[in-house]
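Residue-level listing of the chains:
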Amino acid sequence: MKRSVFILTTLMLLCLAGTILQALPYVLKGGLDSVAAGREHRDIAKVNIVPIEPVATPCQVRSVTVFPPKETSEIALMGPFALIGFIVSIYGVVFFIQLLLSLCRQEVFVRKNVRRLRAISGIMIYMVLVMGLGCYLEYSAAKDIVDVPGYALRPFTWPYRDGIRLALLLALFAEIFAYGIRLREEEELTV
């Protein structure tokens, strides 16, 4: 058991490191390119459209990208929330690594792991809400602009339902861990 937990933890840490290293050049390149170009920031909104009357055509338009005018764009409000989300997500990764390392040391049912799981779950819920709010603000900024003949704007749907499910599942695991710790402490007191 100890060896399999160590192997799984090591694989998980390697996957996490690989994902971060794979994404880092793109993040840095995008940031440096935008600074070097000195361009003014423009908000981009992508919305999905559907045909009003279904017609058998060889191709159909499914989405439209628009550039909302600065004065009507609410997307700029997302800046502080996104910055807080970025900082908090770094803490989430640190908590996740600490959780994996404590599991590797066979420290499963301890209060620190419960706090870490609760923190990771809360961070995931915050990030999903911020990303969903950003999508809704893009949708609301673009819905007044988009006018494609023969097409209607598809109603807004929450794009990150799986993220909420995963965060709630982690919260459930945290509560199961907390219950297991309480049972273990009660058992130690009765012996």
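All of the points below concern the structure found in this document. (Residues numbered from 1 in each chain as written. Predicted model: local features only at pLDDT ≥ 70, side-chain atom pairs only at ≥ 80, totals over all residues. Heavy atoms only, no water.)

### Comments concerning unusual backbone geometry
- Of note in this structure, Gln 106 is not a glycine but carries a positive phi near 65°.
- Examined against the element boundaries, Gln 106 turns out to sit in the loop between α2 (78–104) and α3 (111–143).
- On the accessibility criterion, Gln 106 (33% relative accessible area) is partly exposed. (Helix = DSSP H or I, 4+ residues; strand = E, 2+ residues; numbered from the N terminus. Buried < 20%, exposed > 50% of the residue type's maximum accessible area, 1.4 Å probe, protein only.)

### Side note on the packing of aromatic side chains
- One pass over the full model with this rule turns up four aromatic pairs.
- Between Phe 109 and Phe 177, the aromatic rings sit 5.1 Å apart at their centres with planes inclined by 45°, giving tilted as the arrangement. Linking Phe 109 in the loop between α2 and α3 with Phe 177 in helix α4 (residues 161–190), this pair joins segments that are 68 residues apart in sequence.
- Residue classification places Phe 177 among the buried positions, given a relative accessible area of 18%.
- Note on Phe 156 and Trp 158: the rings are 6.5 Å apart at their centroids and 85° apart in plane angle, and the pair reads as edge-to-face.
- A relative accessible area of 27% places Phe 156 in the partly exposed class.
- Linked through ring pairs, Tyr 136, Tyr 139, Phe 156 and Trp 158 together constitute an aromatic cluster. (Phe/Tyr/Trp six-rings, centres within 6.5 Å; stacked < 30°, edge-to-face > 60°.)

### A few points about a nonpolar patch on the surface
- On the surface, a cluster of nonpolar side chains totalling about 590 Å² of accessible area is made up of Leu 83, Phe 86, Ile 87, Ile 90, Tyr 91 and Val 94.
- Mapped onto the elements, Ile 87 comes out in helix α2. (Patch = residues over 30% accessible without salt bridge, like charges linked within 9 Å, V, L, I, M, F, W, Y side chains within 5 Å. Areas by Shrake-Rupley, 256 points an atom, 1.4 Å probe, with all protein chains shown as cover. Salt bridge = Lys/Arg side-chain N within 4 Å of Asp/Glu carboxyl O.)

### So, the packing of α3 against α4
- Taken N-terminus to C-terminus, the directions of α3 and α4 make an angle of 165°; their axes are 8 Å apart at the nearest point. Taken together, the axes of α3 and α4 are roughly antiparallel relative to one another. Once α3 is placed against α4, the crossing between them reads as left-handed.
- Tallied by class, the residues present in the contact of α3 with α4 amount to 17 nonpolar, three polar and four charged. (Axes fitted to C-alpha atoms, helices over the stretch in contact; angles between N-to-C directions. Parallel < 35°, antiparallel > 145°, perpendicular 65-115°, else oblique. Left-handed = near helix turned anticlockwise from the far one by under 90°. Nonpolar A, V, L, I, M, F, W, Y, C, P; charged D, E, K, R; others polar.)

### Topic: the nonpolar core
- Among the nonpolar cores identified, the biggest contains nine residues, and these are Leu 99, Val 114, Leu 117, Ile 120, Leu 170, Ala 174, Phe 177, Ala 178 and Ile 181.
- Secondary structure elements with two or more residues in this core: α3 and α4.
- It is α4 that contributes the most residues to this core, five residues altogether.
- In contact with Ile 120, other than residues within four places in its own chain, are Gly 92, Phe 95, Phe 96, Leu 99 and Leu 170.
- In this structure, Val 47, Val 66, Tyr 139 and Val 146 belong to the second largest nonpolar core, which totals seven residues. (Core = buried A, V, L, I, M, F, W, Y, C linked by side-chain atoms within 4.5 Å. Contact = heavy atoms within 4.5 Å.)

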